Structures are given as structure tokens and as C-alpha cells.
Amino acid sequence: LGASVSMLSSLRDFNRQRIEGNKIPVNIGIGIHTGELMLGILGEEERMQGTVISDSVNFAARLETLTKQMGASILTSSDTLKGMNGGEGYLKRYMGRIRVMGKTEAVEVYEILNGLPEEEIEAKLRVKSMLREGIAAFEAEDMAAARSVFTDLGREEHNGKIAALFLGCIDRYHSSQLETTRRGVPAEPWEGILKPESK
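Each value, and the rule that gives it
- Residues numbered from 1 in each chain as written.
- Predicted model: local features only at pLDDT ≥ 70, side-chain atom pairs only at ≥ 80, totals over all residues.
- Heavy atoms only, no water.
- Patch = residues over 30% accessible without salt bridge, like charges linked within 9 Å, V, L, I, M, F, W, Y side chains within 5 Å.
- Areas by Shrake-Rupley, 256 points an atom, 1.4 Å probe, with all protein chains shown as cover.
- Salt bridge = Lys/Arg side-chain N within 4 Å of Asp/Glu carboxyl O.
- Helix = DSSP H or I, 4+ residues; strand = E, 2+ residues; numbered from the N terminus.
- Buried < 20%, exposed > 50% of the residue type's maximum accessible area, 1.4 Å probe, protein only.
- Axes fitted to C-alpha atoms, helices over the stretch in contact; angles between N-to-C directions.
- Parallel < 35°, antiparallel > 145°, perpendicular 65-115°, else oblique.
- Contact = heavy atoms within 4.5 Å.
- Nonpolar A, V, L, I, M, F, W, Y, C, P; charged D, E, K, R; others polar.
- Pairing = 2+ DSSP bridges.
- Expected span 1.5 Å × (residues − 1).
- Arc of directions from axis to C-beta.
- Polar contact = N/O pair within 3.5 Å; in protein donor to acceptor, adjacent residues only side chain to side chain.
- Core = buried A, V, L, I, M, F, W, Y, C linked by side-chain atoms within 4.5 Å.
- Phe/Tyr/Trp six-rings, centres within 6.5 Å; stacked < 30°, edge-to-face > 60°.

Caption draft 1: A nonpolar patch on the surface, seen in detail. Taken together, the side chains of Met7, Phe14, Val26 and Ile28 present a nonpolar region at the surface, about 310 Å² in accessible area. Looking at the element boundaries, Phe14 is found in helix α1 (residues 2-20). A relative accessible area of 40% places Phe14 in the partly exposed class.

Have a look at this one:
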């Protein structure tokens, strides 16, 4: 996490120079997860390269992709924070339990705010309790309350991406409920998990 925060701080300085030179600022997304992996050399005598293979690496890559959908710069799993005694000293927001494509288990995900511009940190902290309220309603299957909170959050959050992501999941939930009712089959038990559609 420390390296990621340093990267964001350096990027902020770099972007300041780009803006002064009338250039478009650069954004990055970082996904961090902790777990076992296999490290080795693949290839043949003429062409060899080192690589890592594991579900942990894949999940970190999925978190990186999710930064775009959630409007976050750094996303990390609860597994990583547990290995750091909860990540004390870092400003963070709970983003929900997430199951990415190809995985059967859900993982708690947090946004790390350190390294962002001060005004962006303050803006995200201002709506932190609202975000938590919306996620709690979503996880409890209180979709009316969740929709109300995330609709308000979409107006308050500077980019509205996390609200849009949850509202999309709520819409798919209602469509699924209508479909199971139409077909006369029992609905699957609610798990309170955010399931992004893209990899």
C-alpha cells in the first residue's frame, strides 16, 4: 500500500506539470490483493520470461479494472488489510463485498484515499457514511432504501461512479426478481454481493 500511495503522490506532481504545460493529466488505477501464487520462468531457450500465476494475481487484476468502474485510484482486499493489522494509518472506505467473474467467493473491498489530492479526500470522506448506509441497505436486501441512498450519493459524489455501479446492480436484481416470478420458480437466496458485469 505504501508504494501505491507514493505512486499517486508522484503522479499528482507529474500531472501538475502537465496541466501547467496545457497537457491532459494522467490517471492510474491500482488493485492490491494478498494470497498465494506460483512464480516461475516460462518459454523456451530462445524466448523466456518470468511470470506469476494464481487466483490471487487474477483478483488483483480484476480490482485494478474495478478502479475505473468505482471511480477509485486504489482498491485493496480485506485480505491485504488483515495482513497489515487492518491497515491502520490509511484513510479508507468500505466498497462492499465483491465477486468478480470466474470466482465463487466474495471478498470485502476497500478504497484507499491516501495519495489523492486533499480536496478529493475531503469530498470522499464527506459522503463516506452515506456510502456505508447504501451498502448496508444493499447487503440487507432493502433495495428501496439502497436505491434512495445511492441516487442521492450520485448527486453528491464527485464522479458518481460507485453510485452508478450499485444502481446498475439494483436494476439487475429487480429484473431477476421479475423474471423468476414470471417463470414461477423460487428466487436464489440473496447474498448481498456486488457482481460487476465486466472482467
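That was the structure; now back to the text.
Caption draft 2: Quick peek at the packing of helix α2 (residues 55-70) against helix α7 (residues 161-183). It is the contact of α2 with α7, at a shortest axis distance of 7 Å, that shows an interaxial angle of 100 degrees. It follows from the interaxial angle that α2 and α7 lie roughly perpendicular. Contacts between α2 and α7 involve Lys68, Gln69 and Met70 from the former and Lys161, Ile162 and Leu165 from the latter. In the contact of α2 with α7, the residues fall into three nonpolar, one polar and two charged.

Caption draft 3: Molecular detail of the pairing of strand β6 (residues 107-112). The element β6 is extensively covered by neighbouring structure, given that five of its six residues are classed as buried. Taken together, the four bridges between strand β4 (residues 74-77) and β6 define a ladder with antiparallel strand orientation. Its bridge partner lying in β6, Leu75 is registered against Glu111. As paired elements, strand β5 (residues 92-98) and β6 share six bridges and run antiparallel to each other. By the bridge assignment for β6, Gly96 is matched with Val109.

Caption draft 4: Quick look at helix α6 (residues 143-156). Here α6 is 14 residues long and its end C-alpha atoms lie 20 Å apart, about the 20 Å a rise of 1.5 Å per residue gives. Met143, Ala146, Val149, Phe150 and Leu153 are the residues of α6 that are buried. Seen from one end, α6 has its buried residues packed into an arc of 125 degrees, which puts them on one side. Exposed positions of α6 whose direction lies more than 90 degrees from the buried face are Ala144 and Arg155. Buried-residue contacts for α6 involve α5 (128-139) and α7.

Caption draft 5: Representation of the side chain of Ser56. Relative to the assigned elements, Ser56 resides in helix α2. Here the side chain of Ser56 touches Glu36 through a polar contact of 3.3 Å, landing on its backbone oxygen. Not counting residues within four places of it along the chain, the set of residues in contact with Ser56 comprises His33, Thr34, Gly35 and Glu36.

Caption draft 6: Representation of the sheet that holds strand β1 (residues 30-32) in the model. In spatial order, the strands read β1-β4-β6-β5; together these four strands make up an open sheet with mixed pairing. Only two strands of the sheet have a single neighbouring strand rather than two, namely β1 and β5. Neighbour to neighbour, the strand axes of the sheet diverge by 25 degrees on average, direction disregarded. This element, α2, spans β1, β4, β5 and β6 of the sheet and lies at about 135 degrees to β4.

Caption draft 7: Representation of the nonpolar core. Met70, Ile74, Leu75, Phe150 and Ile162 are the most contacted members of the largest nonpolar core, which has 42 residues in total. Residue contributions to this core peak at eight residues, all from α7. Contact partners of Leu75, with chain neighbours within four places excluded, come to Ile30, Gly31, Ile32, Leu63, Leu66, Thr67, Met70, Met95, Val109, Tyr110 and Glu111.

Caption draft 8: Structural context of the packing of aromatic side chains. On inspection of all chains with the given rule, the structure shows five aromatic pairs. Judged by centre distance (5.2 Å) and plane angle (80 degrees), the ring pair of Phe138 and Trp190 falls under edge-to-face. Of this pair, Phe138 sits in helix α5 while Trp190 is found in the segment after α7, placing the two residues 52 residues apart along the sequence. Here the aromatic rings of Phe150 and Phe166 are separated by 4.5 Å at their centres, their planes lie at 5 degrees, and the arrangement is stacked. You can see Phe150 sitting in helix α6 and its partner Phe166 sitting in helix α7, a full 16 residues away along the chain. Taking the relative accessible area as the measure of exposure, Phe150 reaches 0% and is therefore buried. On the accessibility criterion, Phe166 (1% relative accessible area) is buried.

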